[in-house]
Amino acid sequence: MIDFHLEPASGVPTYVQLVQQVHQALQLGLLEPGDRLPTAQQVVSALAINPNTVLKAYRDLEREGLVRARPGLGTFVVGRLPRTDPAAQAKFRKSLHAWLRSARDAGLSAEEIEAIYRTAVRDFCADEGVA
Amino acid sequence: MTAAVETSALGKRYGRRWALTDCTLSVPRGRVVGLVGPNGAGKSTLMHLAVGLLRPSAGTISVLGGDPGSGSAQLARVGFLAQDSPTYARLTVGQHLQMGQWLNLTWDSDFAASRIDQLGLDLNQRAGTLSGGQRAQLALTLAVAKRPELLMLDEPVAALDPLARREFLQTLMEVVAVRGVSVVLSSHLIADLERVCDYLVVLVAGQVALIGEVDELLACHHRLTGSRRDPLRIPANQLVIEESHAEKQSTLLVRTQDPILDPSWAVSSVTLDDLVLAYMRQARDAAAKSPECGLVVAR
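Rules used in this analysis
- Residues numbered from 1 in each chain as written.
- Chains lettered and ligands numbered in written order.
- Predicted model: local features only at pLDDT ≥ 70, side-chain atom pairs only at ≥ 80, totals over all residues.
- Helix = DSSP H or I, 4+ residues; strand = E, 2+ residues; numbered from the N terminus.
- Rg over C-alpha atoms; globule rule 2.2 N^0.38 Å.
- Buried ≥ 20, exposed ≤ 12 C-beta atoms within 10 Å, placed from the backbone.
- Contact = placed C-beta atoms within 7 Å.
- Pairing = 2+ DSSP bridges.
- Axes fitted to C-alpha atoms, helices over the stretch in contact; angles between N-to-C directions.
- Parallel < 35°, antiparallel > 145°, perpendicular 65-115°, else oblique.
- Left-handed = near helix turned anticlockwise from the far one by under 90°.
- Nonpolar A, V, L, I, M, F, W, Y, C, P; charged D, E, K, R; others polar.
- Core = buried A, V, L, I, M, F, W, Y, C linked by C-beta atoms within 7 Å.
- Arc of directions from axis to C-beta.
- Expected span 1.5 Å × (residues − 1).

Draft legend 1. Spotlight on the overall build of chain A. Secondary structure assignment for chain A yields five helices and three strands. Starting at the N terminus and ending at the C terminus, chain A contains elements arranged as α-β-α-α-β-β-α-α. In terms of overall size, chain A is more extended than a compact globule, its C-alpha atoms giving a radius of gyration of 19 Å where 131 residues would be expected to give roughly 14 Å. Expressed as a percentage of its 131 residues, the buried residues of chain A come to 21%.

Structural data, given as structure tokens:
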């Protein structure tokens, strides 16, 4: 079982925060198939948030194939997320470094580079339909 | 399914002053609806109209598909908590419960008793000697024990300290989770609304400035920051809600369903706080430009 927490000033919708926390717990191996998520009522009591928000987060997770609701029993983890491979991380960090160097050599400022990066991530997510 | 609250060109006049003018809105059932707006926007008037304590001067209002002032059957469907959670100071907690049982068609005495027990309240204590938080919890217990389909709460937490506020909202959310009751809740505390509400109505000068599902509203608004430019050159699919221009920089709050393609903007998300304030300012400025649409204040 995991406990949820909220970062109210983050600007990230509450249900997205819950989804992300389940993702992280799966990536870190804190949650495994067969584990039960807290009931909507438990989350509501702990965080004083709207039950619809919890259900929305759980529906999203179910659509991703990570959890399944069993009526009367609760919501259980059924899927896994790949544990992040440190070698893969290093590889992509390295290629990002190369890109950053070439942008700087082309005369772009740090802020410009950041703006380009953020815009690209946003467009990519919009195109791919990734939240 | 019929709406929780639906109004059409609703107006309420006190003497010469219109507290609510031409207010048209619809909020769905099964939601926790946040009602927010500056003082004098008509929030309390709207609530009083919805529970049948006031009759409209113009237009119509229907609550759960019924006429709010139509009688005891309609009254039983709606629970109302007026501002500052009024209780009878000289009556004990137990007498409040007894009164609730006598005065309501449907009364869940098991719920009321177990709730009072959970709260650790003494049945023999007079309501006047309870703390603000305890009094609010007692009032909420009474409103819920009548088993309404809709709870209307008028600034229920305004006078409470942060801990009592959180506990009140926890109780309320548990009730929503267990009973599936619809809620309309007015408050100035947007951080609280962000936690508990999934639907938002911003009311300014008796009119709806913004209405919709909270997550959708947050998703379709963006803050754009970039080099100074003419707001007329913003793409037509981006509705500018608020703009500010410094010597070299423009900051816009825009509403759009489409991705922002212009790479020269830095785009950031907005909080509910930003959103509510922007719409409140926009509506206030619009009302100031056309006084006939705003409040007509008695001389």
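Moving on, there is more to tell.
Draft legend 2. Expanded view of the overall build of chain B. Regarding its fold elements, chain B presents nine helices and 13 strands. By the burial criterion, 42% of the 299 residues in chain B qualify as buried. Considering only contacts within chain B whose residues lie at least 6 apart along the sequence, 72% involve residues at least 24 apart.

Draft legend 3. Fine view of unusual backbone geometry. Residue and element names in this part refer to chain B. One non-glycine residue, Asp-22, lies in positive phi territory at about 45 degrees. Turning to its location among the elements, Asp-22 is positioned in strand β2 (residues 17-27). Asp-22 sits in the partly exposed class, given 16 other C-beta atoms within 10 Å. The phi angle at Leu-64 is positive, at roughly 55 degrees, despite the residue not being glycine. Looking at the element boundaries, Leu-64 is found in the loop between β4 (58-63) and α2 (72-77). Given 20 C-beta atoms within 10 Å, Leu-64 falls into the buried group.

Draft legend 4. Highlighting the pairing of strand β11 (residues 239-245) of chain B. All names here are of chain B. Pairing analysis gives six bridges linking β11 to strand β12 (residues 249-255), with the strands arranged antiparallel. Residue pairing for β12: Glu-243 is matched across the bridge by Leu-252. Counted along the chain from β11 to the antiparallel partner β12, the turn is three residues long.

Draft legend 5. Quick look at the packing of helix α1 (residues 14-27) of chain A against helix α3 (residues 51-63) of chain A. All names here are of chain A. Closest axis-to-axis distance for the α1/α3 pair is 8 Å, and the angle between their directions is 45 degrees. The angle between α1 and α3 falls in the class oblique. The two elements α1 and α3 cross, and the hand of that crossing is right-handed. For the pair formed by α1 and α3, the contact residues are Thr-14, Tyr-15, Leu-18, Val-19 and Val-22 on the first element and Thr-53, Val-54, Lys-56, Ala-57, Asp-60 and Leu-61 on the second.

Draft legend 6. Spotlight on the interface of chain A and chain B. Contacts between chain A and chain B engage 22 residues on the former and 24 residues on the latter. Where the side of chain A that touches chain B is concerned, the elements lending two or more residues are α2 (40-47), α3 and α5 (110-128) of chain A. Split into classes, the residues belonging to the side of chain A that touches chain B amount to twelve nonpolar, seven polar and three charged.

Draft legend 7. Region of interest: the packing of helix α5 (residues 132-145) of chain B against helix α6 (residues 162-179) of chain B. Residue and element names in this part refer to chain B. Between α5 and α6, the shortest axis-to-axis distance is 9 Å and the interhelical angle comes to 15 degrees. Overall, the two elements α5 and α6 adopt an arrangement that is roughly parallel. As for the relative orientation of α5 and α6, their crossing is right-handed in sense. Residue-level contacts link Gly-132, Gly-133, Ala-136, Gln-137, Leu-140 and Val-144 of α5 to Ala-164, Glu-167, Phe-168, Thr-171, Leu-172 and Val-175 of α6. For the contact of α5 with α6, the per-class residue count stands at seven nonpolar, four polar and one charged.

Draft legend 8. The arrangement of the nonpolar core in detail. Residues and elements named next belong to chain B. In this structure, Val-33, Met-152, Val-183 and Val-202 are the most contacted members of the largest nonpolar core, which totals 105 residues. Take this core: its biggest share by element is eight residues, from α5. Not counting the four nearest positions on each side in its chain, Val-33 is found in contact with Val-27, Val-183, Val-184, Leu-185, Cys-197, Tyr-199 and Val-201.

Draft legend 9. Highlighting helix α4 (residues 109-119) of chain B. All names here are of chain B. Taken together, the buried positions of α4 are occupied by Ala-112, Arg-115 and Ile-116. Looking down the long axis of α4, one finds its buried residues gathered within 95 degrees of arc, a one-sided arrangement. Turned more than 90 degrees away from the buried face of α4, the exposed residues are Asp-110, Ser-114, Asp-117 and Gln-118. The elements touched by buried residues of α4 are α3 (93-103) and α5. Downstream of α4 by a residue or two, Gly-120 has a phi angle that is positive, lying close to 70 degrees.

Draft legend 10. Representation of the sheet that holds β11(B) in the model. Residues and elements named next belong to chain B. The strand order across the open sheet formed by four strands is β11-β12-β10-β13, and the pairing between neighbours is antiparallel. Strand pairing shows two members of the sheet lacking a second neighbour, β11 and β13 (266-269), which therefore form its edges. On average, each strand axis in the sheet is tilted by 20 degrees relative to the strand beside it, whichever way the strands run. Here helix α9 (residues 272-289) sits on the sheet in contact with β10 (221-227), β11 and β12, set at roughly 90 degrees to β11.

Draft legend 11. Looking closely at the environment of A:Val54. All names here are of chain A. Inspection of the secondary structure assignment puts Val-54 in helix α3. Between the alpha carbons of Val-54 and Val-44 there is a distance of 7.7 Å; along the sequence they are ten residues apart. Leaving out residues up to four positions away in the same chain, Val-54 has contacts with Leu-18, Ala-40, Val-43, Val-44 and Ile-49.

Draft legend 12. Just α6(B), in detail. Taking 1.5 Å of rise per residue, 18 residues should cover 26 Å, and α6(B) covers 26 Å from first to last C-alpha, within 8% of that figure. Among all positions of α6(B), only B:Arg165, B:Phe168, B:Leu169, B:Thr171, B:Leu172, B:Met173, B:Val175, B:Val176 and B:Ala177 are buried. Tucked inside the fold, the buried residues of α6(B) contact α2 and α3 of chain A together with β3 (32-36), α5, β7 (182-186) and α7 (190-196) of chain B. Phi for B:Gly180, located one or two positions after α6(B), is positive at around 65 degrees.

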